[in-house]
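A structural walkthrough
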Amino acid sequence: MAILLFTGLAGAAGLGLAATKGRTRLTLSRAKHKSLTGHVRMGKRIAGLIPFYDYGEDRFFRADDAPDDIVAQRRAGFERLAALYATRYAKTRALTAETREGLSDLQFTGVYRVPFQFSRIVRENLGTGAFLERSDGPIVTDLDNNRFHDLTGSYGVNLFGYDFYKSTIAQGIAETAALGPVLGAYHPVVADNVRRLKAISTLGEVSFHMSGTEAVMQAVRLARYHTKRRRVVRFAGAYHGWWGDVQPGIGNPIAADHTLTLAEMSEATLKVLARRRDIACVLVNPLQALHPNKGAPSDGTLVDSSRAAHFDRAAYAEWLQKLAAVCKASGIVLIFDEVFVGFRLAPGGAAEYFGVAPDMITYGKTLGGGLPVGVLCGRAALMKRWRDDRPVDICFARGTFNAHPAVMGAMDAFLRRLETPEVKALYDGLDARWDARAAAFNARMEVETLPVRVAHLSTIWTVTYQTPSRYNWMLQYYLRAEGLALSWVGTGRLIFSLDYDDAAFALVIDKFVAAARAMQADGWWWQAPGVTNRLLRRQVLRETVRAKLRRR
């Protein structure tokens, strides 16, 4: 009888435990975004199933089943553009082609500028030069002496304009020249940098690194060390560097088993954070405010016109404040990754802009005064790398080039200029100025009856498309022909520097209009009656399935 009773109690306990685990798993599942960006393992599996196939000459111009007259229009426009590229950018393209064979970075970006089905023919005819010779204000010049208005922002580095950073780099190198490349010991400017960074971040301590990725690595490592928890939470679509734990799924060959990818701006996510006791930290990339739960927009994924973006400052600030409160109550370290947006939204960064006080903040890019750097600021208790009661229990992080004198000098020059009246004036009315410019851009496109609009987060813009099309990615090549320099992700992300005055911005709009008109005239935005984005996606899916079956 006792045995039966014990067995019954054990069985009931087992069922109870199973039920609890089931509820926990269900709660976690509900906190994931419904897209593949929220289900990184499934996304990786699906990516592994998609076969390569590309279009031949004819299908390249009629992927949307366009009639012969439209195909002829497109072909003529493409050939005209290819001839222009061959002559206008000859020297720049030649050096790019020569270097590509030994530079894997160029090989990667060249392949993924457009959807892979179109990539081969685009590369053969519209190869984009990767070399520049000089910069002057918002203008960059290539090896063929072509001048472009720069919309790349140097991946976020270029906030105040290239001339600003040339000056801070020169000033920093001059300031530290007597010490030279002495590593380990610090140049005195480091002390000034620490004081200024503590004031800006309102956090107690600072740690210097060689890149933004390294700064994030250290933040996560310290959060785990002090909380004695292993799990990291990131949000669907957010980027925090290319190392394993914060980039699970596609792009990472190793499983990030201790990382949870949850939905942003979700009550279900807040419930998970409130209930679990194994979460060390939550990472926030404020750039996601422009496109929550979506990956960085890129022309390489434009198979239709469903790309969307929208920024609601009040809603995102409310979300961050709720998130901060839950993290504080649950003992979770809240980390703001401001490597990309740092100082772009406000002098005190996104933390100041959204009115949130994170436990740690990572900076990089622009803070280096134009030189490579990463910085971690955090509460003093979290920044400590050892335990007083266990002297051998340490959390190690160090790098040979941390606090390099030249970098620290350029950083000091940058931080000092943040406090000058000239730079402070750039922040006055910043949102209103760029809201007005985005509105002017969209109004002009509407007047010109062009199917192009923008969404923006201050000086960071994403181009969206109004009518269903398989060919939106072509716009980047027409824009370059008009003298606009875009990064390799094309129209997915345009980054303006603050030295764009009204005259320069007006020229950018004119160039956009000219490029879009030319693209429209060449037939790329033709659409069949009744076509929708959903139908275009289904068409691509059918092509993919047929290509998969042919491989069997």
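Quick look at the structure, then. These numbers were taken from a predicted model, which means no experiment stands behind them.

Calculation notes
- Residues numbered from 1 in each chain as written.
- Predicted model: local features only at pLDDT ≥ 70, side-chain atom pairs only at ≥ 80, totals over all residues.
- Heavy atoms only, no water.
- Helix = DSSP H or I, 4+ residues; strand = E, 2+ residues; numbered from the N terminus.
- Rg over C-alpha atoms; globule rule 2.2 N^0.38 Å.
- Buried < 20%, exposed > 50% of the residue type's maximum accessible area, 1.4 Å probe, protein only.
- Contact = heavy atoms within 4.5 Å.
- Areas by Shrake-Rupley, 256 points an atom, 1.4 Å probe, with all protein chains shown as cover.
- Phe/Tyr/Trp six-rings, centres within 6.5 Å; stacked < 30°, edge-to-face > 60°.
- Pairing = 2+ DSSP bridges.
- Axes fitted to C-alpha atoms, helices over the stretch in contact; angles between N-to-C directions.

1. Remarks on the overall build of the protein
Within the protein, the secondary structure is distributed over 20 helices and 16 strands. Relative to the compact-globule value of 24 Å for 552 residues, the protein shows a C-alpha radius of gyration of 26 Å, a close match. Its C-alpha atoms give the protein principal-axis dimensions of roughly 85 × 75 × 45 Å. Split into buried and exposed, the 552 residues of the protein put 53% on the buried side. If you take every contact in the protein between residues at least 6 apart in sequence, the share linking residues at least 24 apart comes to 77%. Split by element, the accessible area of the protein, about 24900 Å² in all, is 59% carbon and sulfur.

2. Observations concerning the environment of Gly-77
Of note, Gly-77 is situated in helix α4 (residues 68-88). Considered as a pair, Gly-77 and Ala-521 are 444 residues apart in the sequence and their alpha carbons are 8.5 Å apart.

3. Description of the packing of aromatic side chains
Geometry of an aromatic ring pair is reported as the spacing of the ring centres plus the angle between the planes. Per the stated rule, a full pass over the model turns up 40 aromatic pairs. Measuring from ring centre to ring centre gives 6.1 Å for Phe-60 and Trp-473, while their planes differ by 70°; the resulting arrangement is edge-to-face. You can see Phe-60 sitting in helix α3 (residues 57-61) and its partner Trp-473 sitting in the loop between β14 (460-465) and α18 (475-481), a full 413 residues away along the chain. Both residues of the pair, Phe-60 and Trp-473, count as buried. Aromatic side chains Phe-160 and Tyr-427 sit 6.2 Å apart centroid to centroid with 85° between the ring planes, which places their arrangement in the edge-to-face category. Within this pair, whereas Phe-160 is found in the loop between β3 (147-150) and α8 (162-176), its partner Tyr-427 is found in helix α16 (residues 421-427), the two being separated by 267 residues in sequence. For the residue pair Phe-160 and Tyr-427, the accessibility class agrees, reading buried in each case.

4. Concerning unusual backbone geometry
For Ser-154, which is not glycine, the phi dihedral falls at a positive 50°. Within the secondary structure, Ser-154 sits in the loop between β3 and α8. Note on Ser-154: relative accessible area 28%, which makes it partly exposed. Positive phi outside glycine occurs at Lys-228, with the angle close to 60°. Among the structural elements, Lys-228 can be located in the loop between α10 (212-227) and β5 (231-235).

5. Focus on the sheet that holds β3
Strand order in the open sheet formed by four strands is β1-β2-β3-β15, with mixed pairing between adjacent strands. Of all the strands in the sheet, just β1 (132-136) and β15 (484-485) have a single pairing partner and so form its edges. Pairing of β1 with strand β2 (residues 139-142), which is carried by four bridges, proceeds in the antiparallel orientation. From the neighbouring strand, Arg-134 faces β2, where its bridge partner is Thr-141. This element, α8, spans β1, β2 and β3 of the sheet and lies at about 100° to β1.

6. Brief notes about the sheet that holds β5
Judged by pairing direction, the sheet is mixed, and its seven strands sit side by side in the order β4-β10-β9-β8-β7-β5-β6 without closing on themselves. Taken across any chain shown, the strands that pair with only one partner, and hence form the sheet edges, are β4 (205-209) and β6 (259-262). Averaged over all neighbouring strand pairs, the angle between strand axes comes to 20°, with direction disregarded. Sheet topology places β5 next to β6; four bridges connect them, and they run parallel. Looking at β6, one finds that Arg-234 is bridged to Thr-261.

It is worth stressing that arrangement in space is one thing and function is another; only the former is reported here.
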